[in-house]
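# Tertiary structure, described
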Amino acid sequence: MIHKILKDRPTKLFVIFSAFFVANALIAECIGTKIFSLEKLFGLQPSNFSLFGEKGLSVNLTCGVLLWPLEFIMTDIVNEYYGPKAVRRISYTAVALIGYAFIMFYLAMGVPAADFWYGTGSQDGIPDMSKAFNGIFGQGMWIIFGSLTAFLVSQIVDVTVFHKIKKATGEKKVWLRATGSTLVSQLVDSFIVLFIAFKIGKGWSWQLVFAICVVNYIYKSCMAIILTPVIYFIEGRIEKYFGHETAAKMKAAAMGKEEA
């Protein structure tokens, strides 16, 4: 059975895509606790601009945004060749496993630490390893809930917009359906996660939520446009890997034009 699965190229590639999709999403959630300055990354000083009446803003982003653009590229690729049901399946799987991971994080935080372990990071400037561990993995429940909700909803939006554009344009204009669906879904993603995590969870003002949302969305939009050539590159490699005939059949099946 396993030999047959691994021999079938579309199945083998779907397994690889699914594994990468889930792993990438989980890593993005884990590293999302760190906030970095995009300006400082490029050797610039924080801009300190104003937006919606909020002053002193700069381009500060979570490290998770470094990986999320790859999720939307994977979504578009899977959507193109395997269809919306496949995207929903791996999205639900990712959400379930991320939820499972965070439950395990909280259980690990509650396990009594060995006495000697508390001070093992002293030479690195970490006086209490237990507090450091809990500080990294102990994200607030609102942030976790907001992130997972935003991810799931934005994936569904991405799938829907992608197929509506493809039905209107056919096989042409890959850039339009890929980038267009990502731009719409990223807007939804940015707003939902900030609304749930910080408006509901932290009581932020609407002005601050919208200001941070715009900053995050501008970054995500730029990345979506910059990474558009990557989609063409991956599709070219897939066409060569499957062969034109198989790839064409998969695309047709993904659009519901024939039995998969």
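Let me begin by describing the structure that accompanies this report.

## Let's talk about the side chain of Glu 29
- Tracing the sequence through the fold places Glu 29 in helix α2 (residues 9-31).
- One buried charged residue, Glu 29, remains without a salt bridge, the closest side chain of opposite sign being Lys 220 at 10 Å.
- Here the side chain of Glu 29 touches Ser 147 through a polar contact of 2.4 Å, side chain to side chain.

## Some details on the packing of aromatic side chains
- Overall, the coordinates contain 15 aromatic pairs when judged by the stated rule.
- Ring centres 5.4 Å apart and planes at 90° place the aromatic pair Phe 102 and Phe 105 in the edge-to-face group. Here Phe 102 pairs with Phe 105, and both are found in helix α5 (residues 84-110), just three residues apart, close to one helical turn. Each member of the pair, Phe 102 as well as Phe 105, carries the same accessibility label: buried.

## Details of the pattern of salt bridges
- Applying the stated rule across the entire model yields seven salt bridges.
- Across the pair Glu 80 and Lys 166 runs a salt bridge whose closest N-O atoms are separated by 3.2 Å. Here the residue Glu 80 occupies a position in helix α4 (residues 68-82), and Lys 166 occupies one in helix α7 (residues 141-169), the gap between them amounting to 86 residues.
- For Glu 80, a relative accessible area of 0% corresponds to the buried category.
- Among the salt bridges present, the one from Lys 251 reaches Glu 80, with a minimum N-O distance of 3.7 Å. Highlighted residues: Lys 251 in helix α11 (residues 244-254) and Glu 80 in helix α4, separated in sequence by 171 residues.
- On the accessibility criterion, Lys 251 (11% relative accessible area) is buried.
- Three or more residues joined by partner-sharing salt bridges are found here, namely Glu 80, Lys 166, Arg 177, Glu 235, Glu 239 and Lys 251.

## Some words on the packing of α4 against α11
- Between α4 and α11, the shortest axis-to-axis distance is 5 Å and the interhelical angle comes to 95°. For the element pair α4 / α11, the angle class is roughly perpendicular. On α11, the residues touching Asn 79, Glu 80, Tyr 81 and Tyr 82 of α4 are Ala 247, Met 250, Lys 251 and Ala 254.
- Of the residues contributing to the contact of α4 with α11, the split by class is five nonpolar, one polar and two charged.

Calculation criteria
- Counting starts from 1 at the beginning of each chain's written sequence and moves along it residue by residue.
- For this predicted model, a pLDDT threshold of at least 70 governs which residues receive local features, and a threshold of 80 or more governs which side-chain atom pairs are given and counted, while totals over whole chains, interfaces and linings are taken from all residues.
- By convention in this description, side-chain values take in all heavy atoms of the structure and omit both hydrogens and water.
- Under the DSSP-based scheme used, a helix requires at least four consecutive residues in state H or I and a strand at least two consecutive residues in state E, with every element numbered from the N terminus.
- Burial classes: relative accessible area under 20% of the type maximum marks a residue as buried, over 50% as exposed, and values in between as partly exposed (1.4 Å probe, protein chains only).
- Working convention for charge: Lys and Arg count positive, Asp and Glu count negative, and His plus the chain ends are omitted.
- By definition, a salt bridge exists where a carboxyl oxygen of Asp or Glu is found within 4 Å of a side-chain nitrogen of Lys or Arg.
- Whenever two N or O atoms come within 3.5 Å, that pair is a polar contact, provided that in protein one can donate a hydrogen and the other can accept it, and provided that, for residues adjacent in sequence, both atoms are side-chain atoms.
- Centre distance within 6.5 Å is the pairing criterion for rings of Phe, Tyr and Trp, where only the six-membered ring of Trp is used; planes under 30 degrees apart are then read as stacked, over 60 as edge-to-face, and the remainder as tilted.
- Between the N-to-C directions of two axes lies an angle of 0 to 180 degrees, each axis being a line fitted to C-alpha atoms and, for a helix, fitted only over the stretch in contact.
- Each angle receives one of four descriptions, namely roughly parallel if under 35 degrees, roughly antiparallel if over 145, roughly perpendicular if within 65 to 115, and oblique otherwise.
- Whether two residues are in contact is decided by their heavy atoms, any of which lying within 4.5 Å being enough.
- All residues other than Ala, Val, Leu, Ile, Met, Phe, Trp, Tyr, Cys, Pro, Asp, Glu, Lys and Arg, Gly among them, are scored as polar; the first ten of these are nonpolar and the last four charged.

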